[in-house]
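Letter by letter, the chains look like this.
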Amino acid sequence: MARPLPLLLLALGLAAAAKSPYQQVLQHSRLRGRQHGPNVCAVQKLIGTNRKYFTNCKQWYQRKICGKSTVISYECCPGYEKVPGEKGCPAALPLSNIYETLGVVGSATTQLYSDRSNLRPEIEGPGSFTIFAPSNEAWASLSAETLDSLVSNVNIELLNALRYHMVDKRVLTDDLKHGTTLNSMYQNLPIQIHHYPNGIVTVNCARLLKADHHATNGVVHVIDKVIATTTNSIQQIIETEDSLETLRTAVAASDLSSLLESEGQYTLLAPTNEAFEKIPRETLNRILGDPEALRDLLNHHILKSAMCAEAIIAGLTMETLEGTTLDVGCSGEELTLNGRPIIANKDVLATNGVVHFVNELLIPDSAKTVFELAQESEVSKSTDLFRQAGLSSHLTGSEQVTLLAPVNNVFKDGLPVIDSNMRNLLLNHIVKEQLSSKYLYHGQKLQTLGDKELRVFVYRNNLCIENACIAAHDKRGRFGTLFSVDKMLTPPTGSVMDVLKADHRFSTLVAAIQSAGLTENLNRPGTFTVFAPTNEAFQAMPQGELNKLLGNAKELANILKFHVADEILVSGAVTALVRLKSMQGDKLEVSMKNNVIHINKEPVAESDIMATNGVIYAVNSVLQPQASRPQERGDEPADPTLEIFKQASALSKVSQRNPRLAPVYSRILARMKENSGAF
């Protein structure tokens, strides 16, 4: 029975989706080269080198590999060759045995050594083999000492080396699964395979250059290195390498030895003795003496999967065992970590992964003090301020705190002078417990080292503590957390009425509040936002209007209530238009324009004057509710139907021309004349 067409299409789609990353990249290269004829692949070549890569979509448009420029060339896709006088590469390579195929695919040196080592009869004869054949350049790059040791004993050393490059079955790239091993034909020693999402395939960290060359007795894959047997685990490499002596001591103290000798596929970014020596002795001793910090430090150097250097052709974000991420990238021939070329020796292969030696220690946030967190971020000027104030001890020890550190831009005009008031203010920037911003909630109260109580405000677009809003993701250290905030904190010092009375700018407002009988309201616990008219605002009113307002307690209370909302809105929460309901009932519109807060389109003179029961904004005008504003027409309410027709001016002409609408329009026009005279 024929398969229904939709199911057939689905099956074809699933088959296409099942292509390996290598095959997907090869297909893209073939698509880019098809204008040059059949079976032509586009290849990117690093300028100044012989390194070539089949191109994926991203690389095609960027024209860069490891940050270096490439040129595009076009050559026959694997398994095809040119025919004189014809376009492209229309002919499949002649199918021959593995020995003959080696000479065709650019591995003539491997072919030569196969002959010398007496491997030739085996790879010419019947069977099913796969050989990972080093390119001619790979053999040439071996040191003279290594090459001499091989060719001086061709029947043993060279033969064994070649047989380690072989598998006794046919293995195509689709069979080369990431993280798998193949048993070689030399003592069944394993060959490690990694097949990365970017299409790179590595064999013991040697990159596959030309793959899937079929032969009558197997398959040939050309690789860019001569691979060697691997018998040591990561732990054994640490134990035998002199340059990793300090790391060896640290691993033993952290009980990570069993992990690093267990089965798995890890990448160890192994800090050398030199890397440890670069760290201040006090910092290093603190970490080595703290089992939890030490374990976090070491886990930060272990990636969850094996990452060979050849697989890195652009930036990657890799997860560590500690749960953090590292940016692993490359710049030309150098590997980089977090953008820095600190990898001294790469691709030391182990039975359970790969080791890269690094000459700088990567200290995770979780092993740092709050002071160290702050020094390395956009709040470094704050650390100078806390140091000058003699508060470093709270930020460098085991005291559990959260530092609210203003960003450097707050101090663009210089650091403030340290006196007793400033020291007390800085103490109120240190909260008594280690917090995480994702667990903060609206209305939460925080206790500071200065014995002040701070409130948390959660808004749609911001998270604020009093008037200061968090400006970056928090950094969590060993004992403390760093919150970067957008301004210096101003803890509340009293109720709204207390604050207004203490500020001479609001003496008229205070008198008006008392006259209107609202003092008790603004003294009680609450969550008020008060747009407080200054003395200047009242003086700007016509004298008669001001006298009338102050002489009418009911009207005065109504106006004053229009200046108060029953929720706290700090300036950091205002990025677009925010509407608040005033205690009078009408809406207040708060907006931001040119970095200045506006209330009902009037600029605010000063923002975020914090009180225990609210926040105050100083304004230089008295706001008027909608009902108190002059009306353009009389007090008679408008007829909604008539208003609609007045605004639709075009309707009158259309209606008069339309025989069906003309009688309706005539009746409406008559009503309009009765109610308001001529239209």
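Our subject is the structure that appears above.
The rules we used
- All residue numbers refer to position in the chain's written sequence, counted from 1.
- Per-residue local features are limited, in this predicted model, to residues with pLDDT of at least 70; the limit for side-chain atom pairs, both in listing and counting, is 80 or more; totals at the level of whole chains, interfaces and linings are taken over all residues.
- Hydrogens and waters are ignored; side-chain quantities use all the structure's heavy atoms.
- Strand pairing is defined by DSSP finding a minimum of two bridges between the two strands.
- Under the scheme used here, helices are H or I runs from DSSP no shorter than 4 residues and strands are E runs no shorter than 2 residues, and both carry numbers assigned from the N terminus.
- In this analysis an axis means a line fitted to C-alpha atoms, helices contributing only their contacting stretch, and an angle means the value between N-to-C directions, from 0 to 180 degrees.
- We call two directions roughly parallel when the angle between them is under 35 degrees, roughly antiparallel when it is over 145, roughly perpendicular when it lies between 65 and 115, and oblique otherwise.
- If you view the pair so one helix is near and one far, a crossing is left-handed when the near helix is turned anticlockwise from the far one by less than a right angle, and right-handed when it is turned clockwise.
- By definition, residues are in contact when any of their heavy atoms lie within 4.5 Å.
- For this classification, Asp, Glu, Lys and Arg are treated as charged, while Ala, Val, Leu, Ile, Met, Phe, Trp, Tyr, Cys and Pro are nonpolar and the rest, including Gly, are polar.
- Only protein chains enter the area calculation, which uses a 1.4 Å probe; residues under 20% of their type maximum are buried, those over 50% are exposed, and those in between are partly exposed.
- Detection works on a 1 Å grid of protein atoms alone, calling trapped sets that fit a 1.4 Å probe cavities and calling open sets with protein on both sides within 12 Å along at least five of seven lines pockets, with lining residues defined by an atom within 4 Å of a point.
- Grid points are joined across faces, edges and corners, and a volume is the space filled by probe spheres set on the points.
- Reported domain spans reflect what an automatic or database domain assignment gives.
- We define a nonpolar core as any set of buried Ala, Val, Leu, Ile, Met, Phe, Trp, Tyr and Cys residues linked to one another through side-chain atoms lying within 4.5 Å.
- The pairing test for Phe, Tyr and Trp rings, Trp by its six-membered ring, is centres within 6.5 Å, and the orientation test on the planes gives stacked under 30 degrees, edge-to-face over 60, and tilted for anything in between.
- Whether a charge lies above a ring is judged from NZ of Lys or CZ of Arg, which has to be within 6 Å of the ring centre and within 35 degrees of the ring normal.

> Residue-level account of the sheet that holds strand S23 (residues 445–447), with values.
Reading across from one edge, S23-S24-S25-S26 is the order of the four strands in this open sheet, with antiparallel pairing throughout. The open sheet is flanked by S23 and strand S26 (468–469), the only strands paired with a single partner.

> With reference to specific residues and values, describe the packing of helix H5 (residues 108–116) against helix H9 (residues 154–164).
The geometry of H5 relative to H9 is characterised by a closest axis approach of 9 Å and an angle of 135° between their N-to-C directions. Here H9 runs oblique to H5, going by the angle between their axes. The handedness of the crossing between H5 and H9 comes out as left-handed. Contacts between H5 and H9 involve Thr 110, Tyr 113, Ser 114 and Arg 116 on the former and, on the latter, Val 154, Asn 155, Leu 158 and Leu 162. For the contact of H5 with H9, a count of residues per class yields four nonpolar, three polar and one charged.

> So what's going on with the pairing of strand S1 (residues 40–46)? Residues and values would help.
Consecutive side chains along a regular strand alternate between the two faces of the sheet. With respect to burial, S1 is a largely interior element, six of its seven residues being buried. Across seven bridges, the pairing between S1 and strand S4 (residues 68–76) is antiparallel. Along S4, the bridge assignment pairs Cys 41 with Glu 75. Pairing analysis gives three bridges linking S1 to strand S2 (residues 52–54), with the strands arranged antiparallel. Each bridged residue has a counterpart across the sheet, and for Gln 44 the counterpart in S2 is Tyr 53. Hairpin remark: S1 followed by S2, antiparallel, with five residues in the connecting loop; positive phi at Gly 48, about 85°.

> For the layout of surface pockets, give the residues involved together with the corresponding values.
Counted as a void, the second largest pocket has a volume near 900 Å³. Around the second largest pocket sit 32 residues that line it, and Ile 363, Pro 364, Lys 368, Glu 372 and Glu 376 are the ones nearest its centre. Listing elements by their share of the lining of the second largest pocket, those giving two or more residues are helix H14 (281–288), strand S17 (325–331) and helix H16 (370–375). In terms of domain composition, the lining of the second largest pocket takes at least three residues from each of domain 3 (234–364) and domain 4 (368–485).

> Now, about the nonpolar core: what can you tell me, with residues and values included?
If you look at the biggest cluster of nonpolar residues, it comprises 30 residues, and the most contacted ones within it are Leu 500, Leu 509, Ile 513, Leu 560 and Ile 616. Of all the secondary-structure elements, those providing two or more residues to this core are helix H20 (496–502), helix H21 (507–515), strand S29 (528–533), helix H23 (535–539), helix H24 (543–550), helix H25 (553–561), strand S34 (602–611) and strand S35 (614–619). Ignoring sequence-local partners within four residues, the contact set of Ile 513 consists of Met 497, Leu 500, Leu 518, Thr 519, Leu 522 and Leu 560. Counting residues in hydrophobic clusters, the runner-up holds 28 residues, among them Leu 303, Ala 306, Ile 313 and Leu 326.

> Give me the lowdown on the side chain of His 598, citing residues and values where you can.
With respect to the element layout, His 598 can be found in strand S33 (residues 596–599). Setting aside residues up to four positions removed in sequence, His 598 forms contacts with Glu 589, Val 590, Ser 591, Lys 593, Pro 603 and Val 604.

> Explain the sheet that holds strand S19 (residues 343–350) to me, and be specific about the residues and the numbers.
Strands sit in the order S15-S14-S20-S19 across an open sheet of four strands; the sheet is mixed. Either end of the sheet is taken by a strand with one partner, and the two such strands are strand S15 (302–303) and S19. In this sheet, strand S20 (residues 353–358) lies alongside S19 in antiparallel orientation, the contact comprising five bridges. Bridge pairing in S20 links Ile 343 to Val 358.

> Any details on unusual backbone geometry? Residues and values, ideally.
Positioned with a positive phi, Asn 594 is a non-glycine residue whose angle comes to about 55°. Residue placement: Asn 594 occurs in the loop between strand S32 (587–593) and S33. The residue Asn 595 is not glycine, and still its phi comes out positive at about 65°. Mapped onto the secondary structure, Asn 595 falls in the loop between S32 and S33.

> With reference to specific residues and values, describe the packing of aromatic side chains.
Counted according to the given criterion, the structure contains four aromatic pairs. Between Tyr 113 and Trp 139, the aromatic rings sit 4.8 Å apart at their centres with planes inclined by 80°, giving edge-to-face as the arrangement. With Tyr 113 in helix H5 and Trp 139 in helix H7 (residues 136–140), this pair connects stretches of sequence that are 26 residues apart. Residue placement shows Arg 63 over the ring face of Trp 60; its charged tip is 4.4 Å from the ring centre.

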